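Fold and contact review
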Amino acid sequence: NAGVTQTPKFQVLKTGQSMTLQCAQDMNHEYMSWYRQDPGMGLRLIHYSVGAGITDQGEVPNGYNVSRSTTEDFPLRLLSAAPSQTSVYFCASSYGQLNTEAFFGQGTRLTVV
Amino acid sequence: QQQVKQSPQSLIVQKGGISIINCAYENTAFDYFPWYQQFPGKGPALLIAIRPDVSEKKEGRFTISFNKSAKQFSLHIMDSQPGDSATYFCAAMSGKLIFGQGTELSVKP
């Protein structure tokens with residue numbers, strides 16, 4: 001079982017460039033979410049989705065866009081990268097509120113120069 | 001503002017000792033309180049979780065203590081081992097999962 005797959009694992013961007021971080025899960029989970037991890041800040045929720053076609057903002061949504069066209073995929077888009085977006089990004093999925101264990105991907109380490 | 005506050009930021013414990021990590025929250029709508037463990041280079045993984053209708057949950061060497069009136073919960077690791085060295089996150093859920101700042105635990109042999 002693949003679980004939650006994130007691509008790429010590493011990425012270097014120049015300020016102002018755009019890119020999409022990919023996240024796919026094969027567990028038929030309804031809930032998917034994106035977090036960023038920074039030293040001393042823990043994991044902060046960027047955006048989340050409770051099902052296909054439904055997304056909502058988390059704690060730190062500015063500078064990021066998401067869409068959920070299928071149950072399996074939840075891409076995170078950076079439209080104009082900034083150095084403040086240098087971080088490790090994690091995608092997570094879970095069945096929903098009744099079974100709320102979140103399964104995480106391996107992360108994407110993004111550096112914006 | 002941080003909805004879930006975690007302390008300490010780092011913790012050093014001798015092998016065989018007890019590791020204690022504390023968390024506090026403000027939102028009384030939270031109804032699920034998990035702890036996640038993260039090893040370097042890996043994503044977090046669920047360790048143990050509790051719901052607010054119980055005051056304690058134990059799984060092996062790991063125990064969650066929950067104080068609903070104080071809006072606090074803590075993780076106790078008994079007989080800590082070097083293999084427990086990792087970063088631990090508390091979290092709380094009410095429709096979305098919110099994490100604390102993390103505690104870097106180092107267990108010395």
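Just above sits the structure.
Below you will find a few notes about this structure.

Conventions we followed
- Residues numbered from 1 in each chain as written.
- Chains lettered and ligands numbered in written order.
- Predicted model: local features only at pLDDT ≥ 70, side-chain atom pairs only at ≥ 80, totals over all residues.
- Heavy atoms only, no water.
- Helix = DSSP H or I, 4+ residues; strand = E, 2+ residues; numbered from the N terminus.
- Contact = heavy atoms within 4.5 Å.
- 1 Å grid on protein atoms, 1.4 Å probe; cavity = no way out; pocket = protein on both sides within 12 Å on 5 of 7 lines; lining within 4 Å.
- Points joined across faces, edges and corners; volume = space filled by probe spheres on them.
- Nonpolar A, V, L, I, M, F, W, Y, C, P; charged D, E, K, R; others polar.
- Salt bridge = Lys/Arg side-chain N within 4 Å of Asp/Glu carboxyl O.
- Phe/Tyr/Trp six-rings, centres within 6.5 Å; stacked < 30°, edge-to-face > 60°.
- Buried < 20%, exposed > 50% of the residue type's maximum accessible area, 1.4 Å probe, protein only.
- Lys NZ or Arg CZ within 6 Å of the ring centre and 35° of its normal.

Our focus in this paragraph is the side chain of Ser-19 of chain B. For Ser-19 of chain B, the position within the fold is in strand 3 (residues 19–25). Excluding its chain neighbours within four sequence positions, the residues that come into contact with Ser-19 of chain B are Leu-11, Val-13, Leu-75, His-76, Ile-77, Ser-80 and Leu-105 of chain B.

All names here are of chain A. Per the counting criterion, the structure on display carries one cavity of 30 Å³ or more. By volume, the largest cavity is sized at about 120 Å³. The element that contributes the greatest number of residues to the lining of the largest cavity is strand 4 (residues 31–38), accounting for four residues. Across the lining of the largest cavity, the residue classes break down as nine nonpolar, six polar and one charged.

In this section: the pattern of salt bridges. Following the criterion strictly, the structure yields five salt bridges over all chains and no others. Here Asp-38 of chain A makes a salt bridge to Arg-36 of chain A, at a shortest N to O gap of 2.8 Å. Glu-26 of chain B is the salt-bridge partner of Lys-71 of chain B, the closest N and O atoms lying 3.6 Å from each other. With Lys-71 of chain B in the loop between strand 7 (62–67) and strand 8 (72–77) and Glu-26 of chain B in the loop between strand 3 and strand 4 (33–38), the pair connects residues that are 45 residues apart, well separated along the chain. Connected via shared salt-bridge partners are Arg-36, Asp-38 and Arg-44 of chain A.

As a further point, take the packing of aromatic side chains. Per the stated rule, a full pass over the model turns up 17 aromatic pairs over all chains. Between Tyr-35 of chain A and Phe-104 of chain A, the aromatic rings sit 5.9 Å apart at their centres with planes inclined by 45°, giving tilted as the arrangement. You can see Tyr-35 of chain A sitting in strand 4 and its partner Phe-104 of chain A sitting in strand 10 (residues 103–104), a full 69 residues away along the chain. Residue class for Phe-104 of chain A comes out buried when judged on its relative accessible area of 12%. Put simply, the rings of Tyr-35, Phe-90 and Phe-104 of chain A together with Tyr-36, Phe-89 and Phe-99 of chain B touch in pairs and so form one group of aromatic residues. Sitting above the plane of the Phe-74 of chain A ring, Arg-68 of chain A keeps its charged end 6.0 Å from the centroid.

Moving on: the layout of surface pockets. Roughly 610 Å³ of volume is contained in the largest pocket. In terms of lining residues, the largest pocket is bounded by 25 residues, among which Gln-37 and Arg-109 of chain A together with Gln-38, Pro-40 and Gly-41 of chain B are the most central. Of all the elements in the fold, those that place two or more residues in the lining of the largest pocket are strand 4, strand 9 (87–94) and strand 11 (108–112) of chain A together with strand 9 (86–93) of chain B. The residue makeup of the lining of the largest pocket, split by class, is eight nonpolar, twelve polar and five charged.

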